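Observations on chain architecture
The primary structure of each chain is shown beneath.
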Amino acid sequence: MLRKSWLTLHPKSLVACLVLLGFTVGLFAYTVHARRPWFGKLSFEHHQWLTANTLRFARAWHAEGPWTLRFALLNEPRSVEFPTLLSRNPYVSYPPGFVLTAYAYSLVSEGAPTVSSLMSWNLINHGLIAVALGSLSLLILRRLGFDRGTATLLAAVPPTLELLLPGPLYWHQNVYFADQSVLLPYVLFILLEAIRDAYPSTRASRNSWQALLMALTMAWGLACDWLFVCLVGVAYVKRLATGDIPPPWSNVKAWWWRSLRFGMGGLLALGLFFVQLAFLGMLPRLKERFLERIGATDVNADFTARFNAIFWGEYIPAQFGAAGPALAFVALAGCLLLGGWWWRQAARNQAPLPGVVSGVALAGWTMALITVPCFLQVYALRNHSAIHDFSALKFSLVIAVVPFVLLPVTLLTALVPRWSACARRRMGVSAVLLMAALAYILPVHLGFRALFPEPAPIIEPLGNAVRQAVTPSDIVFSPDFEIPTDPPHLLALAGKRVYYAPSLAAIAADVSRYPTSDYSVVLLFLRPPDAGWERELSGAQGVMTSGLLLYRFDAKTFARLAQGAVPRPEAPPMPARSGEYRWDVEGVFRLFPRVPAP
């Protein structure tokens, strides 16, 4: 019988929760220590440009204010060569929710966004995901008739897998972007839905706070990543199937009202995002990106054509071991099998009445909510999934929860309803599942270091040195190096583009495009100037700052200085003129060769 308040826990249940929490926190502490060598440091490899991207966006908000920037995610920095929001090339592929949460945490923890604050928030997400998976599993196992001890033992398996699998270990520290940030609200939404089903009293009008909490979680998730759209779609189908939302042909008014109440958080989040894009004039660009990601264009078409071989043959095994693809499809097949069983029982009038969810139905729907959206998203966005191995991360939730815990015990309960009444059977089945999970995870975990590239030691000192040396009114050039738009590692820290220019004449030709003189020209040298540069800069005084030799000229002074500049015949063209987007396809920092003076 249900208690008066679902929040009221039996003392033994509270002990079980605390034991599970303590185990999860202890294991999480181990994983934090294991990842320590790579914490707070960026690499040019293995998609760490995503963390740098988030840092770039968050630092722009911190410098100028998110309201001032209309919460836009801007690729280019505040600088004289980028006078408008549109000229700063807004990023529109995702809503800005994943930056907002990291930005808020950074303000509280360190006062400003840093690499360390982003990785700390990413780690916190990982720990909370593990706690939520354990809580979800414990709730369902108890509803399936397990005693507290056995349920707690089995509920420790999902956090263990989530925390020890190589994929989550890497992505949930060193790479933070939309695909990582969405998983915490994803799991929390499923947990709230399971609580709602397990405790029907929470649906009463006096518990409207629960509906509000779900609406806020939905808004959070949809503001992070499109995976949440798939989750909302599956959850909506579930509500229709269980009678929580009536079909439109039975009662249009009730269907409309309950549908609106269910999706109001998501509608608000997506509405704000589309209003933002309309303000920026970026709706056509979002359409283009969508067509690219579903594979409807020629962009990366060779990857899209080999989606199955790449995603299931490379990405999943690299992050979850050789058994990873099989485990994921077993989870999907189990969901479909349970769905078929449930509908068959309903056809025979042997299933629970609509709106009343038994332990088996609760477990089945929970597995469907975890599993089906992941498959929907990767197959709907095949191009995105084929070119980004981080798109496999979401399957850590599927592998952690379904094949080793919920699926086998739910199938047993569906086929042999009273099997869990025997303590020996419970302990025997639990021991087998636990041993199978350990046999899978231990050898896979030992290889996690292979996913972590070595940090690039140049990024932080050079980025910080440039940040301290220049101002927004400077246009910065160097014959030694560049800071392009992408990859964004150096730009995120420097907050300033540096354009490679082989000669003074090349710089003069570039800045002659600007109609006003409200700018300064800055020259940065990482190496001592050669004879040609010394001759052209004779009479100018350079300043050493943080290992950089800096020359600064106002526009008029530079124009006089450049009058005698002679082009260097062997000088290559500038990779990008100032104020232009630049993607350095080599993707790493390097020194440019000096061009001989005439």
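Residues numbered from 1 in each chain as written. Predicted model: local features only at pLDDT ≥ 70, side-chain atom pairs only at ≥ 80, totals over all residues. Heavy atoms only, no water.

1. Observations regarding the overall build of the chain
- Helix and strand counts for the chain come out as 25 helices and seven strands.
- Dimensions of the chain, computed from C-alpha atoms along their principal axes, come out at roughly 95 × 55 × 45 Å.
- For the chain, with 598 residues in total, the buried portion stands at 57%.
- Total accessible area computed for the chain in this model is approximately 25200 Å², and 66% of it derives from carbon and sulfur atoms.
- Averaging the coordinates of the 50 positive side-chain charges in the chain and doing the same for the 34 negative ones gives two points 17 Å apart. (Helix = DSSP H or I, 4+ residues; strand = E, 2+ residues; numbered from the N terminus. Buried < 20%, exposed > 50% of the residue type's maximum accessible area, 1.4 Å probe, protein only. Areas by Shrake-Rupley, 256 points an atom, 1.4 Å probe, with all protein chains shown as cover. Lys, Arg positive; Asp, Glu negative; His and termini not counted. Charge placed at Lys NZ, Arg CZ, Asp CG, Glu CD.)

2. Some remarks on the state of the cysteines
- This model, assessed by the stated rule, comprises zero disulfides.
- We note that Cys-335 lacks a disulfide partner, and the nearest cysteine sulfur, in Cys-374, lies 10 Å from it. (Disulfide = S-S within 2.5 Å.)

3. Structural notes on the pairing of strand β7 (residues 548-554)
- Within β7, five of the seven residues are buried, which leaves it mostly tucked inside the rest of the structure.
- As defined by bridge partners, strand β5 (residues 520-525) adjoins β7 across six bridges and the pair is classed as antiparallel. Residue pairing across strands places Leu-524 opposite Leu-550, the latter belonging to β7.
- With antiparallel pairing between neighbouring strands as the criterion, strand β6 (residues 543-545) and β7 make up a hairpin whose turn holds two residues, including Ser-546 at a positive phi of roughly 50 degrees. (Pairing = 2+ DSSP bridges.)

4. Points about empty space enclosed by the protein
- Considering all chains together, one arrives at three cavities of 30 Å³ or more under this definition.
- By volume, the largest cavity is sized at about 90 Å³.
- Phe-44, Glu-482, Pro-484, Pro-487, Leu-490, Asp-584, Val-588, Phe-589, Arg-590 and Phe-592 are the residues that line the largest cavity. (1 Å grid on protein atoms, 1.4 Å probe; cavity = no way out; pocket = protein on both sides within 12 Å on 5 of 7 lines; lining within 4 Å. Points joined across faces, edges and corners; volume = space filled by probe spheres on them.)

5. Side note on the confidence of the model for the chain
- Looking at the chain, pLDDT values average 91 and 95% of them are 70 or higher.
- The least confident element of the chain is helix α16 (residues 324-347), whose mean pLDDT is 86; the most confident is helix α6 (residues 157-164), at 98.
- Scored below 50 in pLDDT, residues 351-357 shows 13 contacts in the model against residues more than four places distant or in partner chains. (pLDDT = per-residue confidence, 0-100. Contact = heavy atoms within 4.5 Å.)

6. As for the layout of surface pockets
- In this structure, the largest pocket occupies an estimated 1300 Å³ of space.
- Lining the largest pocket we find 47 residues, and of these Trp-49, Tyr-91, Arg-289, Arg-293 and His-388 sit closest to its centre.
- Counting only elements with at least two residues in the lining of the largest pocket, the list comes to α2 (49-64), β2 (90-91), α11 (227-242), α13 (283-293), α17 (359-380) and α18 (382-387).
- For the lining of the largest pocket, the element with the highest residue contribution is α13, accounting for six residues.
- For the lining of the largest pocket, a count of residues per class yields 26 nonpolar, 11 polar and 10 charged. (Nonpolar A, V, L, I, M, F, W, Y, C, P; charged D, E, K, R; others polar.)

7. Concerning the nonpolar core
- Within the largest apolar cluster, 161 residues are counted, with the highest numbers of intra-cluster contacts made by Phe-395, Tyr-440 and Val-466.
- In this view, Val-466 contacts Phe-481, Ile-483, Ala-494, Lys-496, Val-498, Leu-524 and Leu-548; residues no more than four positions away in its chain are not counted.
- In this structure, Tyr-499, Ala-505, Val-521 and Tyr-551 belong to the second largest nonpolar core, which totals 26 residues. (Core = buried A, V, L, I, M, F, W, Y, C linked by side-chain atoms within 4.5 Å.)

8. Quick look at the side chain of Ser-503
- Positionally, Ser-503 belongs in the loop between β4 (498-500) and α23 (504-511).
- Dropping the residues within four chain positions of it, Ser-503 is found in contact with Trp-533 and Arg-568.

9. As for the sheet that holds β7
- Spatially, the five strands line up as an open sheet ordered β4-β3-β5-β7-β6, and their pairing is mixed. A single partner strand is all that each edge strand has here, and the edge strands are β4 and β6. Going across the sheet, the axis of each strand differs from the next one's by a mean of 35 degrees, ignoring polarity.
- Sheet strands in contact with helix α21 (residues 459-469) are β4, β5, β6 and β7, and its direction is about 30 degrees off that of β7.
- The sheet contacts of α23 involve β3 (474-478) and β5, and relative to β5 the element is tilted by about 150 degrees. (Axes fitted to C-alpha atoms, helices over the stretch in contact; angles between N-to-C directions.)

10. Side note on the packing of aromatic side chains
- Overall, the coordinates contain 39 aromatic pairs when judged by the stated rule.
- Ring geometry for Phe-481 and Phe-589: centres 6.1 Å apart, planes at 50 degrees, overall tilted. One end of the pair, Phe-481, is in the loop between β3 and α22 (489-494); the other, Phe-589, is in the segment after α25 (555-562), and 108 residues separate them in sequence.
- Since its relative accessible area comes to 0%, Phe-481 is described here as buried.
- Grouped by ring-pair contacts, the aromatic residues Phe-307, Phe-311, Trp-312, Tyr-315, Phe-329, Phe-375, Tyr-379 and Phe-395 constitute a single cluster.
- Just above the ring of Phe-39 sits the side chain of Arg-36; from NZ or CZ to the centre is 4.9 Å. (Phe/Tyr/Trp six-rings, centres within 6.5 Å; stacked < 30°, edge-to-face > 60°. Lys NZ or Arg CZ within 6 Å of the ring centre and 35° of its normal.)

11. Description of the packing of α6 against helix α19 (residues 395-415)
- Axis separation between α6 and α19 bottoms out at 9 Å; the angle between their running directions is 145 degrees. Note on packing geometry: the crossing formed by α6 with α19 is right-handed. On α19, the residues touching Val-157, Pro-158, Leu-161 and Glu-162 of α6 are Ser-396, Leu-397, Ile-399, Ala-400, Val-401, Phe-404 and Val-405.
- Grouping the amino acids of the contact of α6 with α19 by side-chain chemistry returns nine nonpolar, one polar and one charged. (Left-handed = near helix turned anticlockwise from the far one by under 90°.)

12. Notes on the pairing of β3
- Burial runs high along β3: five of the five residues are buried.
- Residue alternation in β3 divides its side chains into two sets, Asp-474, Val-476 and Ser-478 and Ile-475 and Phe-477, and both sets are buried.
- Across four bridges, the pairing between β3 and β5 is parallel. For Val-476, the partnering residue across the bridge sits in β5 and is Val-522.
- Relative to β4, β3 is paired through three bridges, and the arrangement is parallel. Within β4, the position partnered with Val-476 by the bridge is Val-498.

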